[in-house]
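# Observations on chain architecture
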Amino acid sequence: WGTLVGMDALQAFRAAGQFSVRTRDLRELGVTTRGIAAAVHRGDLLRVRIGHYALPGDPAHHRAALRVGGVAACVTAAAGHGMWLPPDALPHVWLECTASRLRELPTRRVIPHDEPTHVRHWSALMEPLDLVRGSVSIVDALVQVIRCQPRYEAIAVLDSAARLGLLDARTRARVHDVLTPGEGALLQHLDGAAGSGTESIVRMVLRDAGLAARTQVRVEGVGIVDLMVGALVIVEVDSKQWHGSADQQSRDYDRDLELVARGYIVVRVNYHQALHDHPGVLRAVLGALATSRGE
């Protein structure tokens, strides 16, 4: 980098172009110890770990990984690229095999002290770290997701990667190369058309039950629906992000009325049901199918 005279700590941090910098990096850029302390006092920089600094507005789980002594991994790294994040996910941290002086994260009073604060990953990496994001690479994050997360959640994360254009042919091949046959079989179920993580999960619940659930189907006069099973059963899956406001709920109800008026049977699944009540969702869809056949 060289020494840039007159640069303050925040300017030096941005010049480094990384998620985090060390004290010695800032000094190499011409920032004094007093200048670093002043930047922290002003709130320009956050001292996450002794000798390591980040920006206060950066993702909290990425900063948590730095505090532990590593970088963001698995679902935490995936979320940094905009992929779906499973609810209540802890920070996932990748650590070098020689990592030492590891820290626990502070716990809130409502969390028992014996509960984990983060998840550690020690696996060898396929690609260099993404220093700009403070995380493992997309390839390594997806491999970790497949090996770490429950099957439905892993598929939901990978669906979102495909939807965002992050799972191109090269990335998919790199991921597949290191998976066991059983792990690699999961890639056959991906659908980049899925509109949300909860939709991906409900799709897999239905397909695992032997139902041919089609994704993102266009219905004349109504628009795109999440899932269609058979000719008349439509499954709409709500997510926290897109269905929480009163205006969106009102539009959902209007769509449901129009679909029913056109002869469809609508099964609307809320966020909690999509994640935690798979038997109930399946029972409702099977009942709707029976009704559509006049049974």
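Reference entry: report on the structure contained in this document. (Residues numbered from 1 in each chain as written. Predicted model: local features only at pLDDT ≥ 70, side-chain atom pairs only at ≥ 80, totals over all residues. Heavy atoms only, no water.)

## Describing the pattern of salt bridges
In plain terms, the rule: One side-chain nitrogen of Lys or Arg within 4 Å of one carboxyl oxygen of Asp or Glu is enough to make a salt bridge.
Under the definition given, this model contains 13 salt bridges. Within the structure, one salt-bridge network assembled from shared partners comprises Asp-238, Asp-252, Asp-256 and Arg-268.

## So, the sheet that holds strand 8 (residues 223-229)
For clarity, the cut-off: Two strands qualify as a pair provided DSSP detects at least 2 bridges between them. Runs of H or I in DSSP of at least four residues are treated as helices and runs of E of at least two as strands, each being numbered from the N terminus. For helices, the axis comes from a line fit to the C-alpha atoms of the stretch in contact; other axes are also lines fit to C-alpha atoms, and the angle between any two N-to-C directions lies between 0 and 180 degrees.
Strand order in the open sheet formed by four strands is 7-8-9-10, with mixed pairing between adjacent strands. Edge positions in the sheet fall to strand 7 (213-219) and strand 10 (265-269), since each of these pairs with one other strand and no more. Pairs of neighbouring strands in the sheet enclose a mean axial angle of 40 degrees, with direction left out of account. Where strand 9 (residues 233-237) lies against strand 10, five bridges are found, and the strand directions are parallel.

## Digging into the sheet that holds strand 6 (residues 119-121)
In space, the three strands of this open sheet follow the order 4-5-6, with mixed pairing throughout. Edge positions in the sheet fall to strand 4 (71-72) and strand 6, since each has one partner strand and no second.

## A word on the nonpolar core
Where we set the bar: What makes a nonpolar core is a set of buried Ala, Val, Leu, Ile, Met, Phe, Trp, Tyr and Cys residues whose side-chain atoms join them at distances within 4.5 Å. Partly exposed describes any residue whose relative accessible area lies between the buried limit of under 20% and the exposed limit of over 50%, with all areas from a 1.4 Å probe on protein chains only and scaled to the type maximum. Residues count as neighbours in contact if any of their non-hydrogen atoms are within 4.5 Å of one another.
Residues Leu-142 and Leu-158 are the most contacted members of the largest nonpolar core, which totals 37 residues. Within the residue set of this core, elements represented by two or more residues are strand 4, helix 5 (74-80), helix 6 (138-148), helix 7 (151-163), helix 10 (197-208) and helix 13 (271-276). Apart from the residues within four sequence positions on either side, Leu-142 is in contact with Met-83, Leu-158, Ala-161, Leu-167, Thr-171 and Val-175. Ranked by size, the runner-up nonpolar core spans 16 residues in total, among them Ala-213, Val-237, Val-267 and Val-285.

## Points about the environment of Ala-231
Counting through the fold element by element, Ala-231 comes out in the loop between strand 8 and strand 9. Using a relative accessible area of 58% as the deciding quantity, one classes Ala-231 as exposed. Each C-alpha atom, one on Ala-231 and one on Tyr-264, is 8.3 Å from the other, the two residues being 33 residues apart in sequence.

## Digging into unusual backbone geometry
Glycine aside, residues mostly have negative phi angles, and peptide bonds mostly take the trans form. Within the chain, Cys-74 stands out as a residue other than glycine whose phi angle is a positive 50 degrees. Here Cys-74 shows up in helix 5. With relative accessibility at 0%, the residue Cys-74 sits in the buried group. Positive phi is not limited to glycine here, since Gln-216 has a value of about 50 degrees. Within the secondary structure, Gln-216 is located in strand 7. Note on Gln-216: relative accessible area 27%, which makes it partly exposed.

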